[in-house]
Amino acid sequence: MDVVVLVGRILFAVLFLMSGFGHLTKTKMMAQYTASRGVPQALAPAAVFGTGLLIVAGALMVLLGAWGDLGALFLVVFLVPTAVIMHGPWGVEDPQQRMMEQTQFLKDLALAGAALMVLVLFGWAGPELGLTLTDPLFDFG
């Protein structure tokens, strides 16, 4: 079972690693979109770069099992505000754009739900989870 959980952690983390890499390497481009969604222009580059660091750290922690519960919490902290601020479909006039934002909004909420389950899995299983570098920080057992 340890290997199945590890494969699940790898598959889960890949999306965030790729996204985080984009935040860190395409900060200027992503900051323009961020500003278009209402984040102040002066804060947008720092917000993009900071969230990139947050999701890369969270993904690596989940992937490696190094305080994976805290890493999953980092991902939730990224996903929920991102869903609301960046992908809220309300107020989007163009029907195609609204549908795209709604899809992204729901995807972020679903991933936040999955990250919450990962958080609890690490904290519930503790060292029994196997193939981790550290024990979890939280104990839900």
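Once a new chain begins, its residue numbering starts again from 1 and follows that chain's sequence as written. pLDDT decides what is reported in this predicted model: residues at 70 or higher carry local features, side-chain atom pairs at 80 or more are listed and counted, and totals for whole chains, interfaces and linings draw on all residues regardless. Only hydrogens and water are removed before side-chain values are computed, so all heavy atoms of the structure are retained for them.

Moving on, we come to the pattern of salt bridges. For this analysis, a salt bridge means a side-chain nitrogen from Lys or Arg found within 4 Å of a carboxyl oxygen belonging to Asp or Glu. For the structure on display, the rule yields one salt bridge. A salt bridge links Lys-107 to Asp-108; its shortest N-O distance comes to 3.0 Å. Accessibility expressed as a relative area gives 34% for Lys-107, which makes it partly exposed. Working definition: with a 1.4 Å probe on protein chains only, accessible area under 20% of the residue-type maximum means buried, over 50% means exposed, and in between means partly exposed. Residue classification places Asp-108 among the buried residues on the basis of a relative accessible area of 3%.

UniProt positions are given in the numbering used here, feature names are shortened, and annotations may be inferred rather than shown by experiment. Within the UniProt annotation, "transmembrane region" (unreviewed entry) is assigned to residues 6-25, 46-64, 70-88 and 109-126. In the segment residues 70-88, helix accounts for 95% and strand for 0%; the C-alpha atoms at its two ends are 26 Å apart. Secondary structure over residues 109-126 splits into 94% helix and 0% strand, and the C-alpha atoms at its two ends are 25 Å apart. Here a helix means four or more residues in a row that DSSP labels H or I, a strand means two or more in a row labelled E, and each is numbered from the N terminus.

Turning our attention to the packing of aromatic side chains. Each pair of aromatic rings taken from Phe, Tyr and Trp, with Trp reduced to its six-membered ring, is defined by centres within 6.5 Å and is described as stacked if the planes are under 30 degrees apart, edge-to-face if over 60, and tilted in the remaining cases. Taken as a whole and judged by the stated rule, the model has three aromatic pairs. Taken together, a centroid distance of 5.2 Å and an interplanar angle of 65° make the contact between Phe-12 and Phe-16 edge-to-face. Here Phe-12 pairs with Phe-16, and both are found in helix H1 (residues 2-25), just four residues apart, close to one helical turn. Both residues of the pair, Phe-12 and Phe-16, belong to the buried class.

Before going further, it helps to spend a moment on the side chain of Arg-9. Secondary-structure assignment places Arg-9 in helix H1. Of the buried charged residues, Arg-9 lacks a salt bridge, with Asp-2 as the closest side chain of opposite charge at 8.0 Å. Within polar-contact distance, the side chain of Arg-9 engages the backbone oxygen of Val-62 at 2.8 Å. Two residues form a contact once any of their heavy atoms are found within 4.5 Å. Other than its neighbours up to four places away in sequence, Arg-9 contacts Val-62, Leu-63, Leu-64, Gly-65, Phe-122, Gly-130, Leu-131 and Thr-132. In summary, the charge assignment counts Lys and Arg as positive and Asp and Glu as negative, without counting His or the chain termini. Pairing of N or O atoms within 3.5 Å defines a polar contact, subject to two protein rules: one partner must be a possible hydrogen donor and the other a possible acceptor, and residues neighboring in sequence count only if both atoms are side-chain atoms.

Here we take up helix H3 (residues 44-64). To estimate how far a helix should extend, the number of its residues minus one is multiplied by 1.5 Å. The end-to-end C-alpha distance of H3, which contains 21 residues, comes to 30 Å, matching closely the 30 Å that a straight helix rising 1.5 Å per residue would cover. Contacts from the buried residues of H3 go to H1, helix H2 (27-36), helix H4 (68-87) and helix H5 (95-125). Backbone geometry just downstream of H3 places Gly-65 in the positive-phi region, at approximately 70°.

The next thing to look at is the environment of Ser-19. Looking at the secondary structure, you find Ser-19 in helix H1. Look at Ser-19 and you get partly exposed, because its relative accessible area is 28%. Along the sequence, Ser-19 and Ile-85 sit 66 residues apart, while their C-alpha atoms lie 17 Å from each other.

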